[in-house]
Amino acid sequence: VPDWDGRGLPPVAAARVARAQASGVRTSLLSAPAAASLQSVGLDPVGEVMGCIVEQIGWQGSLGCGATFGFGSGFGSPPVPAIGSRESRWAGMRPYADAIRRGYATALARLQLEVQALGADGVVGITLSVSRLGGAREFVALGTAVRARSTVRPARPFTTDLPGSEVAKLMQAGWVPAAMLVAFDVVIKHDDWATTGQAGSWSNTEVSGYTELTQHARALVRADVEQQAARLGADGFVSSAITLNVSEVEVGEGHRDHLAEVSVTGTAVAHFGAASPVGRHAKRPTERKTQSFTVLPLAGVTPRRGRDL
Amino acid sequence: VTELSDLGLPQDAMRRLAEMRPGQSTSLFTSDLSVNEFLLVREAGFRPLGLVLGSSIYHVGFQARSWSKNQELDRLSAAMYHARELAMTRMEAEADALGADGIVAVRLEIEFKDFGNDIAEFIAIGTAVKGDEPPASGGSWRNNKRQPFTSDLSGQDFWTLIQAGYAPLGMVMGTCVYHIAHQRFWQSMNNLGQNVEIPQFTEALYDARELAMSRMQSEAEQLAAEGIVGVQLRSQSHRWGGHTTEFFAIGTAVRSLRDDHVIAKPQLVLPLTD
């Protein structure tokens, strides 16, 4: 096996893509309803695609909030703000946060490479998962590449974590997925005297330091995906999951900080209308709204809301 | 199924992607809706403006319970009220800043944290929406407090509600944290090995639920609501042990938009999937 320099696709993956291209057999990870509904909007499955990276995360960066010892811990001193990993040169955990972001981005980029090599126009139903391999982490993106029955090709293939049937519904209503977006950050907050006092109180009180930590953490990733979507030129972003985990770290004797790991995943969407006969650049296209009608299912099908926060 | 020419819909979609230019977007929205909800909210005549959320990390205080007495723990009830209020108000403030008419598909959740003692995060998350048109009956979509309406109904339920000529006013809730007395020694001895009702337990549960529901109702009255739909009555003991339970009632207060509330007769369908 020739050594691989980390650029492009690993030789085995490149060989699989070449084989898939040569063969007439189309593989996919789609369920039967998803495959059928994609056909209805003119998307044909081309093959399953994968992007993967295993990263060793050895150096997490200096733990701690960046506040020097003693600062911000005396009674009455001004509170130390919550700091995201990219907001200050001194923010702890930056190498760790960067490594995780690189993991997601590389997995998705390698998935894109396979899509382009297959000559497909996009990927639907991407699952992005992270698992631990000893001290290392494996980031895997899996999805099904599709090709549109169209003479126009997108500049870069679209990606989405929405399943095939949802993509079909969106397209019927005049929305096309543009790209799957992930934002991740680590925010750290120094436990100052106010926080410690509130958390140890006997009465009811908001712990304003922790509230600030979680609000700030979510605000950072929300702003991040919005910027990513705006940079693409998309019209909207539909989130599929927001996760937040707070943990306690003891950085020194009697000095505790709280860390919030936060992420948002979802799909940027773009609105399209029928091509206007006058000029290619039509004004804002008119939206074709869906026409729903009320039905009473004869078998026990109850739609449920149930997603990760 | 609509007949689609080979160069129809997919062609238009791919052309849009091909023409996408960085930063050309003018009004970007974000949303927390599923695809079904998103499309139905659009169909109901609302467009999403942005995902809004509010949270509060709250330290729930301590209150002594008397071993053998049924009682409301008013300090804990007050904590549950206050923290939810903080989260909801912050979410509403975000929606107000976006110029929204309302917030749909709100989820209001509590998560007790592993760090610290009695620390919980209260979080409210939903999607701020704006009506394409003001209501046909005149007035505004906002409620009588001039605040954006809030609703914990799913996009599907929201669509149905609007179709039927109702509009949400706000989420209303009532809570009561109740301590249920332990049985006295002689009582538990008497009951040993018997199948009997324990009246004081029954009574406690009745009392607590009644308090929670009447508080929810009075919130709806303040909004001048016609009724409350989608009520959920939860009992959750969080981390307080078996005898202390929060009874929590939550629903969406609605008002009437017009006089007839007839929806199209549902078609019967036989789904081919389960």
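This text follows the structure it describes.
Heads up: these notes are all about the structure in this document. (Residues numbered from 1 in each chain as written. Chains lettered and ligands numbered in written order. Predicted model: local features only at pLDDT ≥ 70, side-chain atom pairs only at ≥ 80, totals over all residues. Heavy atoms only, no water.)

Here we come to the overall build of chain A. Of regular secondary structure, chain A possesses 6 helices and 10 strands. In chain A, buried positions account for 49% of the 309 residues. Intrachain contacts of chain A at a sequence separation of at least 6 include 74% that bridge at least 24 residues. (Helix = DSSP H or I, 4+ residues; strand = E, 2+ residues; numbered from the N terminus. Buried < 20%, exposed > 50% of the residue type's maximum accessible area, 1.4 Å probe, protein only. Contact = heavy atoms within 4.5 Å.)

A separate point is empty space enclosed by the protein. Gaps left between atoms show up when a probe the size of a water molecule is rolled over them. Tallying each qualifying case throughout the model produces 1 cavity of 30 Å³ or more. Reported here for the largest cavity is a volume of approximately 50 Å³. Contributing to the lining of the largest cavity are A:Arg222, A:Val225, A:Glu226, A:Phe237, A:Ser239, A:Ile242, A:Val264, B:Thr30 and B:Leu51. Residues that form the lining of the largest cavity fall into these classes: 5 nonpolar, 2 polar and 2 charged. (1 Å grid on protein atoms, 1.4 Å probe; cavity = no way out; pocket = protein on both sides within 12 Å on 5 of 7 lines; lining within 4 Å. Points joined across faces, edges and corners; volume = space filled by probe spheres on them. Nonpolar A, V, L, I, M, F, W, Y, C, P; charged D, E, K, R; others polar.)

Looking now at the interface of chain B and chain A. Residue-level contacts link 81 residues of chain B with 85 residues of chain A. Our count for the contact surface shared by chain B and chain A stands at 4 salt bridges. One salt bridge connects A:Arg222 with B:Glu94, and the closest N-O pair in it is separated by 2.8 Å. Here chain B and chain A share 22 residue pairs in polar contact (both at pLDDT 80 or more) between them. Take the side of chain B that touches chain A: its biggest share by element is 10 residues, from helix α1 (residues 9-18) of chain B. With 2 bridges joining them, strand β7 (residues 205-206) of chain A and strand β2 (residues 46-59) of chain B adopt antiparallel strand pairing. Bridge pairing in β2(B) links A:Glu206 to B:Tyr58. (Salt bridge = Lys/Arg side-chain N within 4 Å of Asp/Glu carboxyl O. Polar contact = N/O pair within 3.5 Å; in protein donor to acceptor, adjacent residues only side chain to side chain. Pairing = 2+ DSSP bridges.)

The next point concerns the pairing of strand β9 (residues 255-271) of chain A. All names here are of chain A. Buried residues dominate β9, accounting for 15 of its 17 residues. With 15 bridges connecting them, strand β6 (residues 175-190) and β9 associate as antiparallel partners. Bridge pairing in β9 links Met-180 to Thr-267.

Given a rise of 1.5 Å per residue, 25 residues ought to cover 36 Å, and the 36 Å separating the end C-alpha atoms of helix α3 (residues 94-118) of chain A matches this to within 8%. At the exit of α3(A) stands A:Gly119, carrying a positive phi of roughly 70°. (Expected span 1.5 Å × (residues − 1).)

A separate point is the packing of aromatic side chains. A complete count under the given rule lists 10 aromatic pairs over all chains for this structure. Seen from their ring centres, A:Trp175 and B:Phe38 are 5.2 Å apart, and the 70° between their planes marks the pair as edge-to-face. Remark: B:Phe38 occurs in helix α2 (residues 35-43) and A:Trp175 occurs in strand β6; the pair is interchain, linking two chains. Take A:Trp175: its relative accessible area is 5%, and that puts it in the buried class. Taking 6.1 Å as the distance between ring centres and 20° as the angle between the ring planes, the aromatic pair formed by B:Phe149 and B:Phe158 counts as stacked. This pair shows no difference in class: B:Phe149 is buried, exactly as B:Phe158 is. The ring of B:Phe248 carries B:Arg84 above its face, with NZ or CZ at 3.6 Å from the centroid. (Phe/Tyr/Trp six-rings, centres within 6.5 Å; stacked < 30°, edge-to-face > 60°. Lys NZ or Arg CZ within 6 Å of the ring centre and 35° of its normal.)

The next thing to look at is the sheet that holds strand β6 (residues 149-150) of chain B. Taken in spatial order, the 5 strands of this open sheet run β7(A)-β2(B)-β5(B)-β4(B)-β6(B), and their pairing is mixed. On the outer flanks of this sheet lie β7 of chain A together with β6 of chain B, each paired with one strand and no other. Running at roughly 155° to β2(B), helix α6 (residues 208-232) of chain A makes contact with β7 of chain A together with β2 and β5 (119-131) of chain B of the sheet. (Axes fitted to C-alpha atoms, helices over the stretch in contact; angles between N-to-C directions.)

Among the nonpolar cores identified, the biggest contains 75 residues, and A:Leu43, A:Leu170, A:Trp175, B:Phe46 and B:Phe158 are the most heavily contacted of them. Not counting chain neighbours up to four residues away, the residues in contact with A:Leu170 comprise A:Leu162, A:Trp175, A:Val269, B:Val35, B:Phe38 and B:Leu39. Core analysis: the second largest hydrophobic core is formed by 32 residues, A:Leu9, A:Tyr96, A:Phe139 and A:Leu259 among them. (Core = buried A, V, L, I, M, F, W, Y, C linked by side-chain atoms within 4.5 Å.)

To continue, consider unusual backbone geometry. All names here are of chain B. A positive phi angle, close to 50°, is found at Ala-105, a residue other than glycine. Phi angles above zero are rare outside glycine, and His-238 is one such case at about 45°. Considering the arrangement of structural elements, one finds His-238 in the loop between β8 (227-236) and β9 (244-256).

In terms of burial, α2(B) is largely enclosed, as 8 of its 9 residues are buried. Downstream of α2(B) by one or two residues, B:Gly45 has phi in the positive range, about 95°.

Our focus in this paragraph is the packing of helix α2 (residues 32-40) of chain A against helix α4 (residues 164-172) of chain A. All names here are of chain A. Closest axis-to-axis distance for the α2/α4 pair is 7 Å, and the angle between their directions is 25°. Judged by the inter-axis angle, α2 sits roughly parallel to α4. Here α2 and α4 pass one another in a crossing that is left-handed. Along the contact surface, α2 presents Ala-34, Ser-37, Leu-38 and Ser-40, while α4 presents Gly-164, Ser-165, Val-167, Ala-168 and Gln-172. Class assignment of the residues belonging to the contact of α2 with α4 gives a composition of 4 nonpolar, 5 polar and no charged. (Parallel < 35°, antiparallel > 145°, perpendicular 65-115°, else oblique. Left-handed = near helix turned anticlockwise from the far one by under 90°.)

Paired through their backbone hydrogen bonds, the strands of a sheet run either parallel or antiparallel. Residues and elements named next belong to chain B. Pairing within the open sheet is antiparallel, and its 4 strands lie in the order β3-β7-β9-β8. Since the sheet does not close on itself, it has two edges, and those belong to β3 (71-72) and β8, each with one partner. Here 8 bridges tie β8 to β9, and the two strands are oriented antiparallel to one another. The partner of Gln-236 across the bridge, within β9, is Glu-246. Packing of helix α4 (residues 155-163) onto the sheet brings it into contact with β7 (166-179), β8 and β9, and relative to β7 it is tilted by some 125°. Against the sheet, helix α6 (residues 199-222) contacts β3, β7, β8 and β9, and its axis sits at roughly 150° relative to β7.

So, about the packing of α2(B) against α4(B). All names here are of chain B. Where α2 contacts α4, the two axes come as close as 8 Å, and the packing angle between them is 20°. When the axis of α2 is compared with that of α4, the two are roughly parallel. For the pair α2 and α4, the crossing hand works out as left-handed. Contacts from Asn-36, Glu-37, Leu-40, Val-41 and Glu-43 of α2 reach α4 at Gly-155, Gln-156, Phe-158 and Trp-159. Its residues placed into classes, the contact of α2 with α4 shows 4 nonpolar, 3 polar and 2 charged.

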